[in-house]
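Analysis of the macromolecular model
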Amino acid sequence: MAAAALGPAILRRIRLSPSPSSSQPFAAAAAAAASHPHALARWLSRPMSSHDAHLTREEVVDRVLDVLKSHPKVDPSKVNPDAHFEKDLGLDSLDTVEVVMAIEEEFKLEIPDREADKIDSLPLAIEYVSNHPMAA
């Protein structure tokens, strides 16, 4: 069997149909790269994130403050960027876990337990989210 026929034969064997135009995107990309030699270098130098732009620190602060203000056991008037969850806001350890989970949900993150255990204040939460490359 010829090498060119091997690919479609394998695809038929695993019950996938080969697409005759499957090589066209690669040809188009190669043509574009040839016409713009620096385009590939610019594309490769982009930040390795699924997001076009990383959040600013101000956006992170505002959203983390909003998460805390919306927590049922928190007095919104006591929330400020320097507040400690237990000392300033009166949250216990279970409340702190709930807050960290709410922050994960707000920013579409998964914070490892080891890191989540360290987050006990707004400055630490803000710092963690600000430094996370996948925060949305």
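Just so you know, the residues in each chain are numbered from 1, in the order the chain's sequence is written. Local features in this predicted model are restricted to residues of pLDDT 70 or higher, and side-chain atom pairs are both shown and tallied only at a pLDDT of 80 or more, whereas totals for entire chains, interfaces and linings draw on every residue. Hydrogens and waters are ignored; side-chain quantities use all the structure's heavy atoms.

The protein chain appears in an unreviewed UniProt entry as Acyl carrier protein from Eleusine coracana subsp. coracana. UniProt positions are given in the numbering used here, feature names are shortened, and annotations may be inferred rather than shown by experiment. Database annotation for the protein chain, UniProt heading Function (unreviewed entry): "Carrier of the growing fatty acid chain in fatty acid biosynthesis. May be involved in the synthesis of short and medium chain fatty acids. Accessory and non-catalytic subunit of the mitochondrial membrane respiratory chain NADH dehydrogenase (Complex I), which functions in the transfer of electrons from NADH to the respiratory chain."

Candidates for patches are residues over 30% relative accessible area with no salt bridge; among them, like charges are joined within 9 Å and nonpolar side chains (Val, Leu, Ile, Met, Phe, Trp, Tyr) within 5 Å. Accessible surface is estimated by sampling points in the Shrake-Rupley manner with a 1.4 Å probe; for residues, cover comes only from the protein chains shown. Only one rule defines a salt bridge in this text: a Lys or Arg side-chain nitrogen within 4 Å of an Asp or Glu carboxyl oxygen. A cluster of nonpolar side chains, namely Leu94, Val97 and Met101, defines an oily patch on the protein surface of about 290 Å² accessible area. Structurally, the position occupied by Leu94 is in helix 5 (residues 93-107). Here's how the labels work: a residue is buried when its accessible area is under 20% of the maximum for its type, exposed when over 50%, partly exposed in between, all with a 1.4 Å probe on protein chains only. Residue Leu94 is classed as exposed on the basis of its relative accessible area, which comes to 54%. Only DSSP runs of H or I covering at least 4 residues are called helices, and only runs of E covering at least 2 are called strands; the numbering of each starts at the N terminus.

Lines are fitted to the C-alpha atoms to define the axes, a helix being fitted only along its stretch in contact, and any angle between axes, read from their N-to-C directions, falls within 0 to 180 degrees. At a minimum axis distance of 9 Å, the contact between helix 4 (residues 57-69) and helix 7 (residues 122-131) shows a crossing angle of 130°. As judged from the angle between their axes, helix 4 and helix 7 are oblique. Where helix 4 crosses over helix 7, the two elements pack in a sense that is right-handed. Two secondary-structure elements touch here, helix 4 through Arg57, Val60, Val61, Val64, Leu65 and Leu68 and helix 7 through Leu122, Ala125, Ile126, Glu127, Val129 and Ser130. In terms of residue class, the contact of helix 4 with helix 7 is made up of 9 nonpolar, 1 polar and 2 charged. Comment on the angle field: the value is read as roughly parallel under 35 degrees, roughly antiparallel over 145, roughly perpendicular from 65 to 115, and oblique elsewhere. Crossing handedness follows the turn of the near helix against the far one: under a right angle anticlockwise gives a left-handed crossing, and clockwise gives a right-handed one. Two residues form a contact once any of their heavy atoms are found within 4.5 Å. Residues are grouped as follows: Ala, Val, Leu, Ile, Met, Phe, Trp, Tyr, Cys and Pro are nonpolar; Asp, Glu, Lys and Arg are charged; every other residue, Gly included, is polar.

We now examine the pattern of salt bridges. Per the stated rule, a full pass over the model turns up 4 salt bridges. In this structure, Glu127 and Arg57 form a salt bridge, with 3.4 Å as the shortest nitrogen-oxygen distance. Here Glu127, found in helix 7, pairs with Arg57, found in helix 4; they are 70 residues apart in sequence, far enough to count as distant. By relative accessible area, which is 36% here, Glu127 ends up partly exposed. Lys73 is the salt-bridge partner of Asp95, the closest N and O atoms lying 3.2 Å from each other. Residue Asp95 is found in helix 5, and its partner Lys73 is found in the loop between helix 4 and helix 5; the two are separated by 22 residues along the sequence.

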